Each structure stands twice: as C-alpha cells, then as structure tokens.
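# Structural features, examined
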Amino acid sequence: MRLTVRIVATGLALVFACYFSARALWWWASPPPRPLLVLLAVVIYLVSFAVIAIVGAARVVKMPRWAAGVALASTVAIPQLSNLGLDPSALRAPYATWYIGSVGLIGVVCIVRRRPLAGWLVLLLLTIASTLWIGFLDALGLGLVGSTVWMVIAQLLVAFWRRAVRDTDRLAGIQQAASAWQATQIVRQRERRERVQYALAVAGPILARVIATRGDLSAEERQEAHLSEGRLRDEIRGGELLNERARAAIETARARGAAVTVFDDGGLEGLDEKTKGRIREELADVLADSSSARLIIRSPRDARIAVTVVGRSAAGESSDEDSVELWHEIPRSREE
C-alpha cells in the first residue's frame, strides 16, 4: 500500500489516541472507586475517535454531519464519566486529566476533516466541563492550553493548505494555457514557413526571370507573372483557407481571365483540422463549378458561417454595376 500524507496523519492521530487511552488506565496500582465508568469513557473515546478519523475519509476529506454529532456527544460524555469514576481528591492526577488532551484531539480531527464549527464547539464544551470539575486555571495548566494551541495550529494548517491547493490549481491552469499557446505558436510558425516556402517556389522562378530580362517578358511570361503574383497574394491574405484543390481551382479561374480575391479574417479559428479540411474541400468544389468573372472569397469572424464565396459577372452595357450570380456560404459546422 502506498503511503500518503492522509494515511500518515491518520496513523499519528490513532497513536496519540491510544496514548491518551493508556494514560487514562495508569491507575492499576490503586484503582478508582468506580473503574467501570472510567473504562466506559475510554471505550467511548476510542470508538468515537475511530469513527470521526476513519469513516468516509477514503472518499472525501469532509467529515459526515452525523460523525460530527458523534464527536460532540462524546465530548459531553467522556469528561463526565471519567470524573464520576474517580475519587474527588484525585481529579487533578495525571491519569485523571487524560480527557483534556484526548477530547482536544477530537477537536483537532474535526477541524482537519473540514468541520471547524464542530471542532471549536468541542473545545468550548471541553473548557466548560474541565472548569466545572477542576477549575479553569487548573484546566489551563493540565492540558487545556495545549489542546487550544493544537487546534489553532490545525486551523491555520487547513487554511494554508486550501490556499496552496488553490494556488496550485491556478498555476496548473496557467501552465496549461501557456503550453497551449506555445503549441499554437509553433503550429503557426510551421504554417508560415510552409507558406513562405510555397510562395518562393511559386514566385521564385518568374522573379528570377524578371530580373534576368529586366522586365522584358513575353506574353506567356507576363501571364505567368500575373498568376504567380496572385498565388503569392493568396498565400499572404488567405493561406489558411486553401488546400491543393482550392489553389488549383483559383489558378484555373485566373487562367480563364477571372479576378479572384481571397481574404482570411479568422473565420477558421478554433476549428479542428477535420472541420477545416471539410470546409476547404467544399470551397474547392464551389470554385471548380464557378464561371463568374469576379470571385471574392472571404472568411469572416462569424459564429455560424466560416467562408463566404461571392461570384460577380458584368451586367451589360446599360449598367456599370456588377451583378451577383453566385452566393455560397460554408457553415462552420455540418449541421448548419
């Protein structure tokens, strides 16, 4: 069995409980007038202590309410039975005042198991009982101060422990957020490198040709430069929206003379790769079927729509306005 802080603390508490019980029976050389009452007090103490220290502790730290009631009931019974079983002249003997430390330990367990009200009520009842039997000053000198100090320490430790747990949870959350942010930045950097490499592969040859000829290009080379410029602009403005099929469809549209504009305003942010792939495939299908003279592809920040494709064509001689002949919205989720 693996040792934990809870198991070690419970074991130490049981050891102290056994010590106080043995101390209560240290009168075997000269038994008290009514030893059965003292024995009954010890049995009640051991049973009640086992209940409040062990019952439910494996599942939750907080003590059940009925166990707190057992602690309060035993706090009332133990001092009365113990003192009634002793001779009045021996009430201040070391074995006679065992109940002060033992009941104080019950209060400590109540505080540790998240029942502070019950713990401080235990101390109050112990103070009243010990004062009635031996006087307040004698009770202070014979263990009441120690019980109070241990309860204060237990209360402070519980408070510090809760704060440490909250700080640990907060730091873990910050660390997870930082790790997620770092992973996102790594992915984005890799995507940027891939886009730059792709852009250089596309525009590099024609740029080298422009430099070599000092801009004196043939008609085919000018067309290639126009297409390369469009590819480069697409990668800068909307590379997140494109896959190989979408790029090929845009290339085909430009080759037939269409003007294609791509704007990525962050519409795909927060989506998983499978959903992004589905959106890109649908975009490629729409572009492949389009015959518009102008194509505008935009990915707005919208809760419902991921990508909007607008196709326009020349209206005619009577109007300078373009007419919309294609309007297609790609939803963020398939259900929409």
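Look up a bit, the structure's there.
A brief report on the enclosed structure follows. Think of each chain on its own: its residues are numbered from 1, step by step along the sequence as written. The model is predicted, so local features are restricted to residues of pLDDT at least 70 and side-chain atom pairs to those at 80 or more, both for listing and for counting; the totals for chains, interfaces and linings are taken over all residues. Remark: hydrogens and water are excluded; side-chain values derive from all non-hydrogen atoms of the structure.

## Notes on unusual backbone geometry
The phi torsion at Arg114 lies on the positive side, around 65 degrees, for a residue other than glycine. Along the polypeptide, Arg114 turns up in the loop between helix H4 (98-112) and helix H5 (116-134). Given a relative accessible area of 19%, Arg114 falls into the buried group. Working definition: helices are DSSP H or I runs of at least four residues, strands are E runs of at least two. Numbering for both runs from the N terminus. In this scheme, a residue with accessible area under 20% of its type's maximum is buried, one over 50% is exposed, and one in between is partly exposed, where area comes from a 1.4 Å probe on protein chains only.

## Concerning the packing of helix H7 (residues 219-238) against helix H8 (residues 244-255)
Direction vectors running N to C along H7 and H8 enclose 140 degrees, while the axes themselves pass 11 Å from each other. Classed by the angle they form, the pair H7 and H8 counts as oblique. As for the relative orientation of H7 and H8, their crossing is right-handed in sense. Between H7 and H8, the residues in contact are Gln223, Leu227, Gly230, Arg231, Arg233, Asp234 and Glu235 and Arg247, Ile250, Glu251, Arg254 and Ala255, respectively. Fitted lines through C-alpha atoms give the axes, limited to the stretch in contact for helices. The angle between two N-to-C directions lies from 0 to 180 degrees. The cut-offs work like this: below 35 degrees is roughly parallel, past 145 is roughly antiparallel, 65 to 115 is roughly perpendicular, and the gaps in between are oblique. Two helices crossing with the near one rotated counterclockwise from the far one by less than a right angle form a left-handed crossing, whereas a clockwise rotation gives a right-handed crossing. The contact criterion used is simple: two residues touch if any of their non-hydrogen atoms lie within 4.5 Å.

## Some thoughts on a nonpolar patch on the surface
Patch definition: residues with relative accessible area over 30% and no salt bridge; like charges joined within 9 Å; nonpolar side chains (Val, Leu, Ile, Met, Phe, Trp, Tyr) joined within 5 Å. In short, Shrake-Rupley with a 1.4 Å probe defines the accessible areas, and a residue's cover is counted only from the protein chains shown. Definition used for salt bridges: Asp or Glu carboxyl oxygen within 4 Å of a side-chain nitrogen of Lys or Arg. A surface patch of nonpolar side chains, about 850 Å² in accessible area, is lined by Trp120, Val145, Val149, Trp150, Val152, Ile153, Leu156, Leu157 and Phe160. Of all the elements, helix H6 (residues 136-213) adds the most residues to the nonpolar patch, at 8 residues. You can see Val145 is positioned in helix H6. When its relative accessible area of 42% is taken as the criterion, Val145 is described as partly exposed.

## A short note on the side chain of Thr308
Tracing the sequence through the fold places Thr308 in strand E3 (residues 305-316). With relative accessibility at 12%, the residue Thr308 sits in the buried group. Setting aside its immediate chain neighbours within four residues, Thr308 contacts Ile296, Ile297, Arg298, Pro300, Trp327, His328 and Glu329.

## Overview of the pattern of salt bridges
Tallied over the entire structure, the rule returns 9 salt bridges. For the salt bridge of Arg92 with Asp138, the shortest nitrogen-to-oxygen distance reads 2.7 Å. Of the two residues, Arg92 is situated in the loop between helix H3 (65-84) and H4 and Asp138 in helix H6; the sequence distance between them amounts to 46 residues. Two residues, Asp285 and Arg245, come together in a salt bridge whose shortest N-O distance is 2.7 Å. Placement of the pair is Asp285 in helix H9 (residues 273-289) and Arg245 in helix H8, with a sequence separation of 40 residues. Overall, Asp285 belongs to the partly exposed group, its relative accessible area being 36%.

## Some remarks on H4
For H4, which comprises 15 residues, the first-to-last C-alpha distance of 22 Å matches the rise-based estimate of 21 Å (1.5 Å per residue) to within 8%. Of all 15 residues that make up H4, 14 are buried, and the element is covered over most of its length. With its phi angle positive at about 65 degrees, Arg114 sits one or two positions after the end of H4. Every helix has an expected span of 1.5 Å times one less than the residues it contains.

## Observations regarding the nonpolar core
In plain words, nonpolar cores are sets of buried Ala, Val, Leu, Ile, Met, Phe, Trp, Tyr and Cys residues tied together by side-chain atoms within 4.5 Å. Tyr45, Phe49, Ile52, Trp98 and Ile106 are the most contacted members of the largest nonpolar core, which totals 44 residues. Of all the elements in the fold, those that place two or more residues in this core are helix H1 (5-24), helix H2 (35-54), H3, H4, H5 and H6. A total of 10 residues in this core trace back to one element, the largest contributor, which is H4. With 23 residues, the next largest nonpolar core counts Leu241, Ala249, Leu271 and Ile279 among its residues.

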